[in-house]
Amino acid sequence: MRSLYFFSLLFIFSSCTSYPVLKEYPESLSSISSKRIAFENGSSARLVDGARDGATVVVLVRHAEKASGGNDPQLTEKGSQRAVKLAEVLDPLEIEKVYSSNYQRTLETAEPLLKKRNLEVEIYNPRELKVLWSKILKEDQGKKVLVVGHSNSTPSLANQFTGKESFPQFDESDYDNVILIEFTKANKVRASRLSLKM
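Residues numbered from 1 in each chain as written. Predicted model: local features only at pLDDT ≥ 70, side-chain atom pairs only at ≥ 80, totals over all residues. Heavy atoms only, no water.

Overview of the side chain of Ser-28
Consideration 1: Mapped onto the secondary structure, Ser-28 falls in strand β1 (residues 21–32).
Consideration 2: If we ignore the near neighbours within four places in the chain, the residues touching Ser-28 are Phe-39, Glu-40, Lys-85, Ser-195, Leu-196 and Lys-197. (Helix = DSSP H or I, 4+ residues; strand = E, 2+ residues; numbered from the N terminus. Contact = heavy atoms within 4.5 Å.)

Some thoughts on helix α3 (residues 104–117)
Consideration 1: In this model α3 runs 20 Å from its N-terminal to its C-terminal C-alpha over 14 residues, within 8% of the 20 Å that 1.5 Å per residue would give.
Consideration 2: The set of residues buried in α3 consists of Arg-105, Thr-106, Glu-108, Thr-109, Ala-110, Pro-112, Leu-113 and Leu-114.
Consideration 3: In this structure, the buried residues of α3 make contact with β4 (57–62), α2 (77–90), β5 (97–100), β6 (121–123) and β7 (144–149).
Consideration 4: Just past α3, the residue Asn-118 takes up positive phi, approximately 55°. (Expected span 1.5 Å × (residues − 1). Buried < 20%, exposed > 50% of the residue type's maximum accessible area, 1.4 Å probe, protein only.)

With respect to the environment of Ile-179
Consideration 1: Along the polypeptide, Ile-179 turns up in strand β8 (residues 177–183).
Consideration 2: A relative accessible area of 0% places Ile-179 in the buried class.
Consideration 3: In this structure, the C-alpha to C-alpha distance between Ile-179 and Lys-23, residues 156 residues apart in sequence, is 9.9 Å.
Consideration 4: With near-sequence residues (within four places) excluded, Ile-179 lies in contact with Val-58, Val-59, Leu-60, Thr-154, Pro-155, Ala-158, Phe-167, Phe-170 and Ser-192.

Some remarks on the pairing of β7
Consideration 1: With respect to burial, β7 is a largely interior element, six of its six residues being buried.
Consideration 2: Alternating positions in β7 separate into two faces, Lys-144, Leu-146 and Val-148 on one and Val-145, Val-147 and Gly-149 on the other, with burial throughout.
Consideration 3: Pairing geometry for β4 and β7, over six bridges, is parallel. Bridging across to β7, Val-57 finds its partner in Lys-144. (Pairing = 2+ DSSP bridges.)

A look at the packing of aromatic side chains
Consideration 1: Applying the stated criterion across every chain yields a total of two aromatic pairs.
Consideration 2: Judged by centre distance (6.1 Å) and plane angle (85°), the rings of Phe-161 and Phe-183 are edge-to-face. Remark: Phe-183 occurs in strand β8 and Phe-161 occurs in helix α5 (residues 153–162); sequence separation between them is 22 residues. The residues Phe-161 and Phe-183 share a single accessibility class, namely buried.
Consideration 3: Cation over ring: Arg-105 sits above Tyr-103, and NZ or CZ is 4.9 Å from the ring centre. (Phe/Tyr/Trp six-rings, centres within 6.5 Å; stacked < 30°, edge-to-face > 60°. Lys NZ or Arg CZ within 6 Å of the ring centre and 35° of its normal.)

So, the confidence of the model for the chain
Consideration 1: Per-residue confidence for the chain gives a mean pLDDT of 87; residues scoring 70 or more make up 86%.
Consideration 2: Of the regions scoring below 50 in pLDDT, residues 10–20 engages in 21 contacts with residues more than four places distant in sequence or in other chains. (pLDDT = per-residue confidence, 0-100.)

So, the packing of α2 against α3
Consideration 1: Following both chains from N to C, one finds α2 and α3 inclined at 40°, their axes separated by 8 Å at the closest point. The orientation of α2 with respect to α3, classified from their angle, is oblique. The interaxial crossing formed by α2 with α3 has right-handed handedness. Listed contacts from α3 to Ala-83, Val-84, Leu-86, Ala-87, Glu-88 and Leu-90 of α2 are Glu-108, Thr-109, Pro-112, Leu-113 and Lys-116.
Consideration 2: Here the residues of the contact of α2 with α3 are counted per class, giving seven nonpolar, one polar and three charged. (Axes fitted to C-alpha atoms, helices over the stretch in contact; angles between N-to-C directions. Parallel < 35°, antiparallel > 145°, perpendicular 65-115°, else oblique. Left-handed = near helix turned anticlockwise from the far one by under 90°. Nonpolar A, V, L, I, M, F, W, Y, C, P; charged D, E, K, R; others polar.)

If you want it as structure tokens, here you go:
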């Protein structure tokens, strides 16, 4: 059974990542729905396969601005404001599952969306990204998923989905990045780098 599961994941991964496409949108996000990405300047972009019922969409973000000092800092006031804005931006997408590492800064980033969607957070280990990656592929097909992580784990997880080094580690001062992973009808992946400016 374990061998069958491994080869099933390998097939999904190889078919998903044959032709990864990376799109970059520097405009500040206004909202993401199941069909479109809207920007604050009034422009928009269509999700590659968003109109299809059951399309899998994974949103990857780093935690919002954190306080300095300590091993497990909380969010700053600006970080809390970003977390609220993130919840507003993602509300039209109707997120069904939220993963977060077990740190105050990531949990507080996820909290406004969890409350808005009446969801419970699922904790993951940011040092075991392959476990999370395989879990999303196995259990969350057809769902809209949010993963809150860190400056190193968020791009690393995105690279697991694309199958190549598409995203470098985020700069420590950069909290704007939002990565959108879309699965197409043909089980290909499109990754988009978006920006949530404050």
